[in-house]
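Descriptive structure summary
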Amino acid sequence: MERLLSRRDYVAVAKGRRLGRPAFLIQALERSAEGPSRFGFTVTRKIGNAVVRNRVRRRLREAVRLIGRSAARPGTDYVLVGRAAALDRSFDRILADLAGALAELGGRATTSPPATARQG
RNA sequence: CCAGCUGGCCGGACGGCCGCUGCGGCAAUGGUCGAAAGGCCGCCGUGGAGGAAAGUCCGGGCUCCAUGGAAACACGGUGCCGGGUAACGCCCGGCGGGGGCGACCCCAGGGAAAGUGCCACAGAAAGCAAACCGCCGGAGCCUUCGGGCAAAGGUAAGGGUGAAAGGGUGGGGUAAGAGCCCACCGCAGGACCGGCAACGGGACUGGCAUGGUAAACCCCACCGGGAGCAAAACCGAAUAGGGACGGCGCGGGCUUCGGCCCAGGUGCGUUUCCGCGCCAGCCGUCCGGGUGGGUUGCAUGAGGCGUCCGGCAACGGCCGCCCCAGAGGAAUGGUCGUCACGCGGCGCAAGCCGCCAUACAGAACCCGGCUUACAGGCCAACUGGCAUU
């Protein structure tokens, strides 16, 4: 998984499309038609102390690792902003949330894409 | 057994599957880039959060900056004594004071006869003490001759105020009182004795002075240069810009090719004028500064574990063994299963069911401390009860 590393990238993606899900908020910005898709993670202090923030980021990162490569659109940068629910929501549901969100943002075909995914 | 007190320790376990990251290896299997060295992937092995990693409150190592040495002044810190330590505001052992039946706990614990300030309210008086009531006293005045009023003066025993009223109790004494005198207690000084010291004991002496506050200024003793790993050192691209050198070139017009005319920027001499010089574009090579980035700093250290020795202890010493996280938008994980512990419910019990499947909390240059947070549990010594032999 390619990571977003610089502040400039995060600021840029913040201007892209965004979708809310219980465990996270996802932002997407098409960088170019080609190249790998990249992911960044943001967990603010509002969520909790360092232990809680680490756990939220790790669960989201694991979700991206499992389905990000197949579901994400090439050449696109994504930023996942963690929410408090990412701590307790079952991992299966987080995976489903992420797959649905990526599809709605115009990703590749996934194992269970929503019907409206390709319309936009 | 119950209650307590002190110290130490742990703070989920095991196993699948899929990942991240450090180190070592690739002799064996593979892919890719490269001339090679080697890199990236892959494979194998192995390591990968805490007792507080936290707060960033002290003390150091290390780095850079400043600084001729020393001292003084200022500022800040520390503050019983002895020891431990690289050092400390930390730790250990004592001393003094306070609390507890006790084990034990708590203390910002130098100096108030160097000086200054403050002591609100209440109260007559709050520091070279003080007469409000009271007590004594009785000049003098009045008198119904019973007595009444009462100045000067004396008095800190009693009342009242206050956190605190200038020793306490008893006796003598006195007009009433008062260390005025006496006894005991307290207090002050103190030869001498014990202790390295803080300090303890104390013959004897003194009629009793020197109120509290230093977390008020202050005085005394000791300590202290500043900033911090985003410190700092090194390597160093593209692009733009700077400098040096070399090569080719060197504004426009006219020309009889000898020159003539008109211009720009810039340097010097003082501005205009004027004089002298340089430059303009392209290409190449080199130099220096700096940004992104990379490497080092960065993990062998006041290091850990163990036996023994010294010491009441903190700790120190000999020897042996071990290498024990190293990220960088920041790895140390995700998920599933089984189980221990715990909590709740049901049950006489064996047990069954349910819940959480654990509190506080995540290394960021590294050590020594302190402080704060913390579900649950284990061990040991000691103390006070109860029971038993």
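Our structure is the block above this text.
Here we summarise the structure given alongside this text. Model, not experiment: these values are computed from the prediction.

**What to know about the overall build of chain A**
- Secondary structure summary: chain A contains three helices and five strands in total.
- Ordering the α and β elements of chain A from the N terminus gives β-α-β-β-β-α-β-α.
- Residues counted as buried form 42% of the 120 residues belonging to chain A.
- Counting every atom, chain A has about 7,100 Å² of accessible surface; 49% of that belongs to carbon and sulfur.

**Observations regarding the nonpolar core**
- Residues F24, I26, F39, L60, Y78, L80 and L98 are the most contacted members of the largest nonpolar core, which totals 25 residues.
- Listed by contribution, the elements that provide at least two residues to this core are β3 (24-30), β4 (38-42), α2 (50-71), β5 (76-82) and α3 (91-104).
- In contact with L80, not counting residues within four places along its chain, are F24, L25, I26, F39, G40, F41, T42, L60, V64 and L98.
- Listed in part, the six residues of the second largest apolar core include L4, Y10, V79 and V81.

**Considerations on the sheet that holds β4**
- Pairing in this open sheet of five strands is mixed, and the strands run β1-β4-β5-β3-β2 from one edge to the other. Among the strands making up the open sheet, the edge pair consists of β1 (2-3) and β2 (17-20).
- In terms of strand pairing, β2 meets β3 through four bridges, oriented antiparallel. Opposite L19, over in β3, you have I26 as the bridge partner.
- The strands touched by α2 are β1, β3, β4 and β5; relative to β4, the strand with the most contacts, the crossing angle is about 165°.
- This element, α3, spans β2, β3 and β5 of the sheet and lies at about 30° to β3.

**As for the pattern of salt bridges**
- Considering all chains together, one arrives at five salt bridges under this definition.
- Ionic pairing is found between E30 and R73, a salt bridge with its closest N-O pair at 3.7 Å. Residue E30 is located in strand β3, and its partner R73 is located in the loop between α2 and β5; the two are separated by 43 residues in the primary sequence.
- Residue R73 is classed as partly exposed on the basis of its relative accessible area, which comes to 32%.
- Here R65 and E62 are joined by a salt bridge, their closest N and O atoms 2.7 Å apart. Of the two residues, R65 and E62 both sit in helix α2, three residues apart, roughly one turn of that helix.

**Details of the protein's contact with RNA strand B**
- The full set close to RNA strand B counts 19 residues, and R3, R7, R55, R58 and R59 are the nearest of them.
- Sugar and phosphate atoms form 59% of the subset of RNA strand B atoms that lie within 4 Å of the protein.
- Here a phosphate oxygen of RNA strand B sits 3.4 Å away from a polar atom, N or O, in the main chain of A50.
- A distance of 2.9 Å is found between a phosphate oxygen of RNA strand B and a side-chain nitrogen or oxygen belonging to R61.
- Within the residue set of the surface near RNA strand B, elements represented by two or more residues are α1 (7-13) and α2.
- By residue number, the principal contributor to the surface near RNA strand B is α2, which donates ten residues.

Reading the values: the criteria
- Residues numbered from 1 in each chain as written.
- Chains lettered and ligands numbered in written order.
- Predicted model: local features only at pLDDT ≥ 70, side-chain atom pairs only at ≥ 80, totals over all residues.
- Heavy atoms only, no water.
- Helix = DSSP H or I, 4+ residues; strand = E, 2+ residues; numbered from the N terminus.
- Buried < 20%, exposed > 50% of the residue type's maximum accessible area, 1.4 Å probe, protein only.
- Areas by Shrake-Rupley, 256 points an atom, 1.4 Å probe, with all protein chains shown as cover.
- Core = buried A, V, L, I, M, F, W, Y, C linked by side-chain atoms within 4.5 Å.
- Contact = heavy atoms within 4.5 Å.
- Pairing = 2+ DSSP bridges.
- Axes fitted to C-alpha atoms, helices over the stretch in contact; angles between N-to-C directions.
- Salt bridge = Lys/Arg side-chain N within 4 Å of Asp/Glu carboxyl O.
- Near = heavy atom within 4 Å.
- Polar contact = N/O pair within 3.5 Å; in protein donor to acceptor, adjacent residues only side chain to side chain.

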